[in-house]
Amino acid sequence: MTQRRQAAYWLAFAVGLGLFIWLLRDMLLPFVVGMGIAYLCDPLADRLERWGLSRSQATTLITLTSLTVFIIALLLFIPLIVRQTSDLLAALPDYMERASQLLNMMASNLVEAAENRGVDVTDGNGKFALKDYASQAINFFGKLAGDVVRGGAALLNFFSLLVITPIVTFYLLLEWDRIVEKISSWLPKRHADEIRDIAGRIDRTLAGFVRGQGTVCLFLIVFYAVGLSVIGLKFGFVIGLMSGALSFIPFVGAIFGAIASIGLALVQFWPGDTTSIILVVVLYIVGQVLEGYILTPKLVGDSIGLHPVWVMFGVLAGGVLFGFVGMLLALPVSAVIGVLARYGLERYLASRLYDPDNPA
């Protein structure tokens, strides 16, 4: 088979796979999550095998332990999350109205200060444009916040995720080494070693990022949820939980959490309790310092080769194209593309196309 036909074959395969994911995106979530959990738990299963357990015993132990921890967390935290989410949805219209009044008051003060300096702040029809823009911004972010909260509540009720995922995880984890060995035996013999080398790089990149960033997210979930609850912010546990979880996407969690928390703090505490507002702001500043200068450098590091902007672009693009399943698949796809790009660059720099004096 010529190189051109090989390229056409792999291109057709990639297009077909993308079409398959797009058509079945609404039912793939438990399978994608189960595959991801099996991938992350495989090193633990291998270690248990080295300690004398069989593969089936190791898989059963990991699955039962994970289910026990999940059920305990479900019983402890899900009622609180559901209650706060429902209360937030019910209170959102009132909060939006109070936020609009607060912004209008601030806009009026700015308009008065600007007029005292001789600045025209009307839109040409005698209306104060700044106040209108403030109201439009409040309405936009209110709708966005409502969509995010409703989407999170819908995920909590996703029954198939709770039932199918453990089954998929168990069988994939049980057969993981055999699946990898079988796929490895199908590789074209001429390029098998080269493909295995690339696959190893992808595995190291993906595993390093997921395990490191996952640990960072768990710390931030606890930090923000507990911190906001201690400060006394209403719905602080849910906001902190979502803020820490969204930190898996660089910058997104911090931006969402800061806007939501500070906005709620202003509506709840202003003007009588400025100390609590300052504490919320300080909490997010401290969280970002911990994440950016301590947690991420030590737990994730720079060696994995996944730039935060590239991760953010990949996850958001996956969400636009394939929904929530696309967001989950975007990280491994980003890792694959990043590794292939670096590998292609290495080959180019070692070729005569870059330097005619390079050996063939």
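Use the structure listed above.
Computed from a prediction, not measured in an experiment: that's the story for all the values here.

K.L.:
Sorry if this is basic, but what is going on with the packing of aromatic side chains here?
P.N.:
Taken as a whole and judged by the stated rule, the model has six aromatic pairs. For the pair F219 and F223, a centre-to-centre distance of 6.0 Å together with 10° between the ring planes defines the contact as stacked. Taken together, the positions of F219 and F223, both in helix 6 (residues 192–231) and four residues apart, correspond to about one turn of that helix. For F219, a relative accessible area of 36% corresponds to the partly exposed category. Relative to Y354, the ring of Y348 lies with its centre 5.4 Å away and its plane at 65°, an arrangement referred to as edge-to-face. Taken together, the ring pairs in this structure connect F219, F223, Y224 and Y284 into an aromatic cluster.

K.L.:
It is not clear to me how the nonpolar core should be interpreted in this structure. Could you clarify?
P.N.:
Taken as a class, soluble globular proteins show a tendency for nonpolar side chains to be buried jointly. If you look at the biggest cluster of nonpolar residues, it comprises 49 residues, and the most contacted ones within it are L228, I239 and Y284. Going through the elements one at a time, helix 2 (29–50), helix 3 (55–116), helix 5 (159–185), helix 6, helix 7 (236–246), helix 8 (252–269), helix 9 (274–299) and helix 10 (308–349) are the ones with two or more residues in this core. At 10 residues, helix 6 tops the list of elements feeding residues into this core. Aside from chain neighbours lying at most four places away, what touches I239 is L88, L228, G257, A260, S261, L264 and Y284. By size, the runner-up hydrophobic cluster in this structure holds five residues, among which are L28, L29, V32 and V325.

K.L.:
I tried to follow the packing of helix 6 against helix 9 on my own but got confused; where do I start?
P.N.:
Helices that pack against each other are described as a pair by the angle of their axes relative to one another and the distance between those axes. The contact between helix 6 and helix 9 brings their axes to 10 Å, and the two run at 165°. Classified by the angle their axes make, helix 6 and helix 9 are roughly antiparallel. As for the relative orientation of helix 6 and helix 9, their crossing is right-handed in sense.

K.L.:
What is the right way to look at helix 8 in this model?
P.N.:
The periodicity of an α-helix, 3.6 residues per turn, causes residues three or four places apart in sequence to face the same way. For helix 8, which comprises 18 residues, the first-to-last C-alpha distance of 25 Å matches the rise-based estimate of 26 Å (1.5 Å per residue) to within 8%. Those residues of helix 8 that sit buried are G253, A254, F256, G257, A258, A260, S261, L264, A265, V267 and F269.

K.L.:
Please explain the pattern of salt bridges as it appears in this structure.
P.N.:
Charged atoms that come close allow side chains of opposite charge to pair. For the structure on display, the rule yields nine salt bridges. Among the salt bridges present, the one from D177 reaches R55, with a minimum N-O distance of 3.2 Å. Here the residue D177 occupies a position in helix 5, and R55 occupies one in helix 3, the gap between them amounting to 122 residues. Residue classification places D177 among the partly exposed positions, given a relative accessible area of 33%. Of the residues examined, R55 reaches a relative accessible area of 12% and is grouped as buried. Of the charged contacts, one joins R196 and D193 as a salt bridge, the two residues approaching to 3.4 Å between their closest N and O atoms. Of this pair, R196 and D193 both sit in helix 6, three residues apart, which is roughly one turn of that helix. Taken together, the shared-partner salt bridges connect D42, D46, E49, R55 and D177 into one network.

K.L.:
Would you explain a nonpolar patch on the surface in this entry?
P.N.:
A cluster of nonpolar side chains, L64, L67, F70, I71, L75, L162, V163, I167 and Y171, forms an exposed patch at the surface whose accessible area comes to about 840 Å². Taken together, the elements giving at least two residues each to the nonpolar patch come down to helix 3 and helix 5. It is helix 3 that provides the largest number of residues to the nonpolar patch, a total of five residues. Inspection of the secondary structure puts L75 in helix 3.

Analysis parameters
- Residues numbered from 1 in each chain as written.
- Predicted model: local features only at pLDDT ≥ 70, side-chain atom pairs only at ≥ 80, totals over all residues.
- Heavy atoms only, no water.
- Phe/Tyr/Trp six-rings, centres within 6.5 Å; stacked < 30°, edge-to-face > 60°.
- Helix = DSSP H or I, 4+ residues; strand = E, 2+ residues; numbered from the N terminus.
- Buried < 20%, exposed > 50% of the residue type's maximum accessible area, 1.4 Å probe, protein only.
- Core = buried A, V, L, I, M, F, W, Y, C linked by side-chain atoms within 4.5 Å.
- Contact = heavy atoms within 4.5 Å.
- Axes fitted to C-alpha atoms, helices over the stretch in contact; angles between N-to-C directions.
- Parallel < 35°, antiparallel > 145°, perpendicular 65-115°, else oblique.
- Left-handed = near helix turned anticlockwise from the far one by under 90°.
- Expected span 1.5 Å × (residues − 1).
- Salt bridge = Lys/Arg side-chain N within 4 Å of Asp/Glu carboxyl O.
- Patch = residues over 30% accessible without salt bridge, like charges linked within 9 Å, V, L, I, M, F, W, Y side chains within 5 Å.
- Areas by Shrake-Rupley, 256 points an atom, 1.4 Å probe, with all protein chains shown as cover.

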